[in-house]
Amino acid sequence: MPIHTLYPAERGNLRLSFEYFPPKNDEMETQLFQTVADLSAFDPAFVTMTYGAGGSTKARSLTAVRRMIHDEHIANTAAHLTCVGATRAEVDAIVAEFIDNGVHHFVALRGDPQGGIGARYEPFPDGYENAAALVAAIRAKGDFEISVSAYPEKHPESPDVDADIDMLKRKVDNGATRALTQFFFDNNDFERYLERVRRAGINIPVVPGIMPINNLASVSRFAGLCGAKVPEAIVTRLVHLDESPEERFKEATHIAAEQIVDLARRGLRDFHIYTMNRSPLVAAVCDLVGFERAVPAAAQSLSAGAAA
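If you're wondering where the values come from, they're calculated on a predicted model, not measured in any experiment. (Residues numbered from 1 in each chain as written. Predicted model: local features only at pLDDT ≥ 70, side-chain atom pairs only at ≥ 80, totals over all residues. Heavy atoms only, no water.)

Trainee: How do you make sense of the overall build of the chain when you look at a structure like this?
Mentor: A count of helices and strands for the chain gives 12 helices and eight strands. Counting every position in the chain, which comprises 308 residues, the buried fraction comes to 48%. Total accessible area on the chain is roughly 14,500 Å²; 51% of this is exposed by carbon and sulfur atoms. (Helix = DSSP H or I, 4+ residues; strand = E, 2+ residues; numbered from the N terminus. Buried < 20%, exposed > 50% of the residue type's maximum accessible area, 1.4 Å probe, protein only. Areas by Shrake-Rupley, 256 points an atom, 1.4 Å probe, with all protein chains shown as cover.)

Pasting the structure below:
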């Protein structure tokens, strides 16, 4: 679908959110917050900070969330939280700490098994058994936004799609207010999934997760672990461009922008973009779709001063 067929009036009704992950060192911290600054120009509805496998980055997550809210003044920062590797009391203490630092939006997840993706999941002793239980615990603490995960191509551990959707309904019944999907590349898969979700009586927003492809091999490998697929048509468009980084970047930009435009044509208005803490490709996708860049507050202040 040609990108220019998305008219300005339609673009104005679209909303973005971005996912980031906590940095492991000073260099990665610099990259993260440069990416945050770059993408803040698109005025996201909210941003999220991941928590790490097994809660392995919980200290870094809290530090990053605290900086996002208090230093970068991004009040709409959501904190990821998992059930893995902690008792209920420990998770409750982490929730309280996030709340004390200004968090009013959580992304409640079961989390990957402590043995890694593919290992058998076992609830932690005296821990929350799944995301539905975690949602209920967070909801009991206050009127927060609670986002949860959804899987257009089925969670790899679910026996079937019906069981997957039943778990989503349990999370909604316990207080979830939004679902953010695993990334996918076939919009027909998402549309079929959304129809089944609605037939199950689930009416919260289901926000498609978009993964711009910085590296085809890495995304394909990750997709395989997550139960997602990279269509052959996309592989064909990118696989021969490994030695042409500029052309690969351009093609990847068009692939993600085309996906967003097509979803918008199908009636979707919210899009959650997995940034991988890199701004160039994400910003190029947003520009190609036609999202307007907001004037930074500092620039507005300078303009006001000059006019005075």
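We are not done yet, so read on.
Trainee: What is the right way to look at the nonpolar core in this model?
Mentor: Core analysis: the largest hydrophobic core is formed by 84 residues, its most contacted members being Phe18, Tyr20, Leu81, Phe98, Ile138, Leu168 and Phe271. The element contributing the most residues to this core is helix 10 (residues 245-265), with eight residues. Val107, Leu109, Leu180 and Val207 belong to the second-largest nonpolar core, a separate cluster that totals six residues. (Core = buried A, V, L, I, M, F, W, Y, C linked by side-chain atoms within 4.5 Å.)

Trainee: Help me understand the sheet that holds strand 4 (residues 105-109) in this model?
Mentor: Across a sheet, strands are paired by hydrogen bonds formed along the backbone, either parallel or antiparallel in direction. The strand order around the closed barrel formed by eight strands is 1-2-3-4-5-6-7-8, and the pairing between neighbours is parallel. In this sheet, neighbouring strand axes are inclined to one another by 30 degrees on average, regardless of whether the strands run parallel or antiparallel. Relative to strand 7 (residues 206-210), strand 6 (residues 178-183) is paired through three bridges, and the arrangement is parallel. Directly across from Leu180, in strand 7, lies its bridge partner Val207. Sheet strands touched by helix 10: strand 7 and strand 8 (270-274). Its angle to strand 7, the strand with the most contacts, is close to 165 degrees. (Pairing = 2+ DSSP bridges. Axes fitted to C-alpha atoms, helices over the stretch in contact; angles between N-to-C directions. Contact = heavy atoms within 4.5 Å.)

Trainee: What am I meant to see in the environment of Tyr128 here?
Mentor: Its place among the elements puts Tyr128 in the loop between strand 4 and helix 5 (131-139). Taking the C-alpha atoms as reference points, Tyr128 and Arg88, 40 residues apart in sequence, are found 5.8 Å from one another. One polar contact links Tyr128 to Asp92, side chain to side chain, over a distance of 2.7 Å. (Polar contact = N/O pair within 3.5 Å; in protein donor to acceptor, adjacent residues only side chain to side chain.)

Trainee: Where do I start with the pairing of strand 3 (residues 77-82) in this structure?
Mentor: On any regular strand, side chains alternate: one points to one face of the sheet, the next to the other face. With six of its six residues buried, strand 3 lies for the most part within the structure. Here strand 3 shows two buried faces, one formed by Thr77, Ala79 and Leu81 and the other by Ala78, His80 and Thr82. Relative to strand 3, strand 2 (residues 46-49) is paired through three bridges, and the arrangement is parallel. Its bridge partner being in strand 3, Thr48 is matched across the sheet by Ala78. Note that strand 3 and strand 4 share four bridges and pair parallel. Following the sheet pairing, Leu81 is matched in strand 4 by Ala108.

Trainee: For this particular structure, what's the right way to read helix 11 (residues 280-289)?
Mentor: Because each turn of an α-helix spans 3.6 residues, side chains separated by three or four positions end up pointing in the same direction. Among the 10 residues that make up helix 11, seven are buried, leaving the element largely enclosed by the rest of the structure. Among the residues making up helix 11, those that are buried are Leu281, Val282, Ala283, Ala284, Val285, Cys286 and Val289.

Trainee: Sorry if this is basic, but what is going on with the pattern of salt bridges here?
Mentor: Side chains that differ in charge, positive against negative, can pair when their charged atoms come close. For the coordinates displayed, the defined rule picks out 17 salt bridges. A salt bridge links Arg67 to Glu29, with the shortest nitrogen-to-oxygen separation between them at 3.1 Å. Highlighted residues: Arg67 in helix 3 (residues 58-70) and Glu29 in helix 2 (residues 26-40), separated in sequence by 38 residues. In this structure, Glu251 engages Arg237 in a salt bridge whose closest nitrogen and oxygen atoms are separated by 2.5 Å. Of this pair, Glu251 sits in helix 10 while Arg237 sits in helix 9 (residues 232-238), placing them 14 residues apart in sequence. A relative accessible area of 23% places Glu251 in the partly exposed class. Looking at Arg237, the relative accessible area reads 26%, which means it is partly exposed. (Salt bridge = Lys/Arg side-chain N within 4 Å of Asp/Glu carboxyl O.)

Trainee: Would you take a moment to explain the pairing of strand 8 for this structure?
Mentor: Across the five residues of strand 8, four count as buried, placing the element largely inside the fold. The pairing of strand 1 (residues 15-20) with strand 8 spans five bridges and is classified as parallel. For Phe18, the partnering residue across the bridge sits in strand 8 and is Ile273. The sheet contact formed by strand 7 and strand 8 spans two bridges and is parallel. Across the sheet, Gly209 pairs through a bridge with His272, a residue of strand 8.

Trainee: It is not clear to me how the environment of Ser220 should be interpreted in this structure. Could you clarify?
Mentor: Along the polypeptide, Ser220 turns up in helix 8 (residues 216-226). We classify Ser220 as partly exposed; its relative accessible area is 28%. Separated by 15 residues in the primary sequence, Ser220 and Val235 place their C-alpha atoms 9.0 Å from one another. A polar atom in the side chain of Ser220 sits 2.8 Å from the backbone oxygen of Leu216.

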